Amino acid sequence: MSLSTRRLKILKEKLQEERERVLDAFNNVSSEEFVLNSDDRQDTIDQATSEYERSQILRFRNRDHYYKKKLDKAIAKFDTEEYGVCEECDDDIKYERLFARPTAELCIGCKDEAEREEQNNITGRQSKSLGTSVTLSAVL
């Protein structure tokens, strides 16, 4: 790998700080945010608003959970010296890309190619946030 020890240290610290931020966000959400209290049930508009807000909180928590998994995977790659290596072509991922997106698993060339393939294949699209396939009927 072509990254210097100093740059690797910077990236690892960035990953660990981001992981701590996500864990703090998990710890700061109370179960009370998911309970429908009597004030929220006064009319259908208030109830719908409260349900929407709760669904958004759950959506963001799910996103953060998935992101935490990506952070853990990236941090684990430091131990095996695989961090910063493209999973497709085994070339080094540039420092600028890793600094902008420390969880990057593909070099910019492979990422561009993967996005082009995704755009051209609507029936086989895969959700980037959940890692699941999206069927044509779900898209339409």
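One structure accompanies this document, and this report is about it. (Residues numbered from 1 in each chain as written. Predicted model: local features only at pLDDT ≥ 70, side-chain atom pairs only at ≥ 80, totals over all residues. Heavy atoms only, no water.)

## Quick word on the overall build of the protein
What counts is decided by this rule: Here a strand is any run of E in DSSP of at least two residues, a helix any run of H or I of at least four, and the numbering for each starts at the N terminus. Using a 1.4 Å probe on the protein chains alone, a residue whose accessible area is under 20% of its type maximum counts as buried, one over 50% counts as exposed, and one in between counts as partly exposed. Note on definitions: a residue-residue contact is assigned when non-hydrogen atoms from the two residues lie within 4.5 Å. Each accessible area value is a Shrake-Rupley result obtained with a 1.4 Å probe; residue values ignore everything except the protein chains displayed when judging cover.
Across its full length, the protein holds 5 helices and 0 strands. Helices and strands appear in the protein in the N-to-C order α-α-α-α-α. Within the protein, buried positions represent 21% of all 140 residues. When contacts within the protein are restricted to residue pairs at least 6 apart in sequence, long-range pairs at least 24 apart make up 48% of them. Only carbon and sulfur atoms are counted for the fraction: they give 47% of the accessible area of the protein, which is about 10,000 Å².

## Quick notes on the pattern of salt bridges
Side chains that carry opposite charge are capable of pairing whenever their charged atoms lie near each other. The line we're drawing: When a carboxyl oxygen of Asp or Glu is within 4 Å of a side-chain nitrogen of Lys or Arg, the pair counts as a salt bridge.
Under the definition given, this model contains 7 salt bridges. Glu18 is the partner of Arg21 in a salt bridge, and the nearest nitrogen-oxygen pair spans 2.7 Å. Here Arg21 and its partner Glu18 are both found in helix α1 (residues 5-28), 3 residues apart, which amounts to about one turn of the helix. According to the relative accessible area criterion, Glu18 is partly exposed, its value standing at 22%. Linking Arg19 and Asp72 is a salt bridge whose minimum nitrogen-to-oxygen distance equals 2.4 Å. Of this pair, Arg19 sits in helix α1 while Asp72 sits in helix α2 (residues 44-79), and the two are 53 residues apart along the sequence. Residue Arg19 is classed as partly exposed on the basis of its relative accessible area of 23%. Of the residues examined, Asp72 reaches a relative accessible area of 26% and is grouped as partly exposed. When salt bridges with common partners are traced through the structure, they connect Lys73, Lys77, Glu87 and Glu105 into a single cluster.

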